[in-house]
Amino acid sequence: MSSSIPKEMLAAQVVEYNKPYKVHKVPVPSDLGPHDLLIKVAVASLCHTDFMVAEGLMGTKLPCTGSHEGAGTVVAVGSAAAGFNEGDRVMAGIVYHPCGTCPDCLGPENYSQYCPRSEGLGVSTHGHFAEYARIDSRTTAVLPDRVSLATAAPLACAGITIYRGVVLAGVEKGGWLALTGSGGGLGHLGVQFAKALGLRVIGIDARAAGLELTRASGADVVIDARDGLAAVVKQVRAVTNGQGVPCTLNISDAEDAISTACAITRMHGTVIQIGQPDTVAIPFRELIFRDVRVRGSMTASPQEARDMLQVVAEHGIEVAGNAFHGLEQIGELVRLAESGKMKGKGLIVVDAAQMEREKRVVAGAKLT
């Protein structure tokens, strides 16, 4: 470890369930494993899972530094962390120390959910709401020059989750894909990914801000769920030759969102459930009479994450963000998220100096 790396750092930690984050000094991780990297965090993002951790729903051992969505600069490299160098700008995912032998570790061909034997940054081990973070090189991606740290951080979980959903949908280029909950943090990214991959997109949301963000993200058809189920179905069938879409991604946590997702999906089509309500209640008529198949999807494989970053770089995909500067602002970010008024993702800028240094690199890459 370099002598320039301090012994202590500022971190925002869950120290007691259902209580605010505590921002205080903690030791900088110093015991890097062979596959580990130490990064100086530039930006960390808030995710739905962070609330589950804070509520004790994930069984997290406390204290725990929050956030599994982060981006920063490598400052130390483990002995077996191949392909990484100090100074690399990277995006770090949630999975830490996968076993490497189970079906979920063996690559995009059979990567189903995530390694069940691994740890999770910000869930079972410390995450990115800190000045430094210890991450796993095997689930880390070097950023293309055109992708900024502020863009990359929320992509580390939200981005790869919705990107995999779009890929998993298997819709042919020029075909229709629908998203229920299209104007949220994941949804607006899903709209952009689908368009970048050559799909036509129907975005459905029940909030004025969500509908606005859906339009801004490029959806071909935007539908207000508040019009009622019958009206939504009618509008979807009007643009799909009366059949409905072959696949719908349900990103919403609303109780009736799964019913809408199934109803707009054509017979024998697929609904991919990404939102995480307590219960997913599927109407039997959709499941049995219309044979709509429902499956879940979570995070992506390391290669899918790298593929996603290339799509982001090539198509200029942008993340709608709400940036707060400094870990001390974590309480303000949480309050905004809980208010239901947040558009897109919530970010904590931990180290603004890194973002200033990268401006020339990103701007130059976009000109070439």
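Calculation criteria
- Residues numbered from 1 in each chain as written.
- Predicted model: local features only at pLDDT ≥ 70, side-chain atom pairs only at ≥ 80, totals over all residues.
- Heavy atoms only, no water.
- UniProt positions renumbered as here; feature names shortened; annotations may be inferred.
- Helix = DSSP H or I, 4+ residues; strand = E, 2+ residues; numbered from the N terminus.
- Rg over C-alpha atoms; globule rule 2.2 N^0.38 Å.
- Buried < 20%, exposed > 50% of the residue type's maximum accessible area, 1.4 Å probe, protein only.
- Contact = heavy atoms within 4.5 Å.
- Areas by Shrake-Rupley, 256 points an atom, 1.4 Å probe, with all protein chains shown as cover.
- Lys, Arg positive; Asp, Glu negative; His and termini not counted.
- Charge placed at Lys NZ, Arg CZ, Asp CG, Glu CD.
- Core = buried A, V, L, I, M, F, W, Y, C linked by side-chain atoms within 4.5 Å.
- Domains from an automatic or database assignment.
- Phe/Tyr/Trp six-rings, centres within 6.5 Å; stacked < 30°, edge-to-face > 60°.
- Axes fitted to C-alpha atoms, helices over the stretch in contact; angles between N-to-C directions.
- Parallel < 35°, antiparallel > 145°, perpendicular 65-115°, else oblique.
- Left-handed = near helix turned anticlockwise from the far one by under 90°.
- Nonpolar A, V, L, I, M, F, W, Y, C, P; charged D, E, K, R; others polar.
- Expected span 1.5 Å × (residues − 1).
- Patch = residues over 30% accessible without salt bridge, like charges linked within 9 Å, V, L, I, M, F, W, Y side chains within 5 Å.
- Salt bridge = Lys/Arg side-chain N within 4 Å of Asp/Glu carboxyl O.
- Pairing = 2+ DSSP bridges.
- Right-handed = clockwise from strand over helix to strand, strands pointing away.

- Per an unreviewed UniProt entry, the protein goes by GroES-like protein and derives from Didymella exigua CBS 183.55.
- The protein has a UniProt comment under Sequence similarities (unreviewed entry) that states "Belongs to the zinc-containing alcohol dehydrogenase family."
- Of the comments in the UniProt record for the protein, the one headed Cofactor (unreviewed entry) reads "Zn(2+)".

Let's talk about the overall build of the protein
So, step 1. Looking only at helices and strands, the protein has 10 helices and 18 strands in total.
So, step 2. For 368 residues, the compact-globule estimate of 2.2 N^0.38 gives 21 Å, and the C-alpha radius of gyration of the protein, at 20 Å, lies within 12% of that figure.
So, step 3. By principal-axis analysis of the C-alpha atoms, the protein measures approximately 65 × 50 × 40 Å.
So, step 4. Taken across its 368 residues, the protein has 55% of its residues classed as buried.
So, step 5. Pairs at least 24 apart in sequence give 69% of the contacts found in the protein among residues at least 6 apart.
So, step 6. Accessible area for the protein stands at about 16,200 Å²; split by element, carbon and sulfur atoms hold 51% of it.
So, step 7. Considering the protein, the positive charge centre built from 34 side chains and the negative charge centre built from 37 side chains are found 3 Å apart.

What about the environment of Ala169?
So, step 1. Mapping Ala169 onto the fold places it in helix α2 (residues 149-169).
So, step 2. On the basis of relative accessibility, which here comes to 17%, the residue Ala169 falls in the buried class.
So, step 3. Counting along the chain gives 100 residues from Ala169 to Gly269, while the straight-line C-alpha distance between them is 9.9 Å.
So, step 4. The residues touching Ala169, leaving out its near neighbours within four places in the chain, are Leu177, Cys247, Leu249 and Ile272.

Looking at the nonpolar core
So, step 1. Core analysis: the biggest nonpolar cluster contains 45 residues, and Met91, Leu155, Leu177, Phe193, Leu249 and Met308 have the highest contact counts within it.
So, step 2. Taken together, the elements giving at least two residues each to this core come down to β3 (36-46), α2, β11 (176-180), α3 (187-196), β14 (245-250), α8 (302-315) and β18 (345-349).
So, step 3. In terms of residue count, α2 provides more of this core than any other element does, 10 residues in total.
So, step 4. Of the domains in this structure, domain 1 (8-157 + 300-366) and domain 2 (160-296) are the two that each give at least three residues to this core.

Here we look at the packing of aromatic side chains
Note on aromatic pairs: each is described by the distance of the centres and the angle between the planes.
So, step 1. Scanning the entire structure with this criterion turns up three aromatic pairs.
So, step 2. Between Tyr163 and Phe193, the ring centres sit 5.3 Å apart and the planes meet at 80°, which makes this aromatic pair edge-to-face. Here Tyr163 is found in helix α2, whereas its partner Phe193 is found in helix α3, with 30 residues between them in sequence.
So, step 3. A residue is classified by how much of its surface remains accessible, and Phe193, at 0% relative accessible area, is buried.

A closer look at the packing of α2 against α8
So, step 1. Here α2 crosses α8 at 110°, and the two axes come no closer than 10 Å. Relative to α8, α2 is oriented roughly perpendicular. In this structure, α2 crosses over α8, and the sense of that crossing is right-handed. Touching Thr151, Leu155, Gly159, Ile160, Tyr163 and Arg164 of α2 are Glu304, Ala305, Asp307, Met308, Leu309, Val311 and Val312, all from α8.
So, step 2. Here the contact of α2 with α8 is composed, by residue class, of eight nonpolar, two polar and three charged.

With respect to α8
So, step 1. The terminal C-alpha atoms of α8, which comprises 14 residues, lie 20 Å apart, in line with the 20 Å expected from a rise of 1.5 Å per residue.
So, step 2. All of the buried residues along α8 are Glu304, Ala305, Met308, Leu309, Val311, Val312 and Ala313.
So, step 3. Against β6 (89-92), β10 (140-142), α2 and α3 lie the buried residues of α8.
So, step 4. Directly beyond the C-terminal end of α8, a positive phi value near 65° is found at Gly316.

Some remarks on a nonpolar patch on the surface
So, step 1. A cluster of nonpolar side chains, namely Phe284, Leu287, Ile288 and Phe289, defines an oily patch on the protein surface of about 430 Å² accessible area.
So, step 2. Along the chain, the position of Ile288 falls in helix α7 (residues 284-289).

Comments concerning the sheet that holds β14
So, step 1. Read from one edge to the other, the open sheet built from six strands follows the order β13-β12-β11-β14-β15-β16, with strand pairing classed as parallel. Edge positions in the sheet fall to β13 (221-224) and β16 (293-296), since each of these pairs with one other strand and no more. When strand polarity is set aside, the average angle formed by the axes of neighbouring strands in this sheet is 20°.
So, step 2. Docked against the sheet, α3 engages β11 and β12 (200-205), running at close to 175° with respect to β11.
So, step 3. Together, β12, β13 and β14 form the strand contacts of helix α5 (residues 229-238), whose direction differs from that of β13 by roughly 170°.

Notes on the pairing of β12
So, step 1. Counting buried positions over the six residues of β12 gives five, a clear majority of the element.
So, step 2. Two strands pair when backbone bridges link them, and β11 and β12 are joined in this way by five bridges, in the parallel orientation. By the bridge assignment for β12, Trp176 is matched with Arg200.
So, step 3. Crossover handedness for the path β11 to α3 to β12: right-handed.
So, step 4. Note: β12 against β13, four bridges, orientation parallel. Residue pairing in the sheet places Gly203 in a bridge with Val222 of β13.

Some details on the sheet that holds strand β2 (residues 22-27)
So, step 1. In spatial order, the strands read β2-β1-β4; together these three strands make up an open sheet with antiparallel pairing. In this open sheet, the two strands that pair with only one neighbour each are β2 and β4 (64-65).

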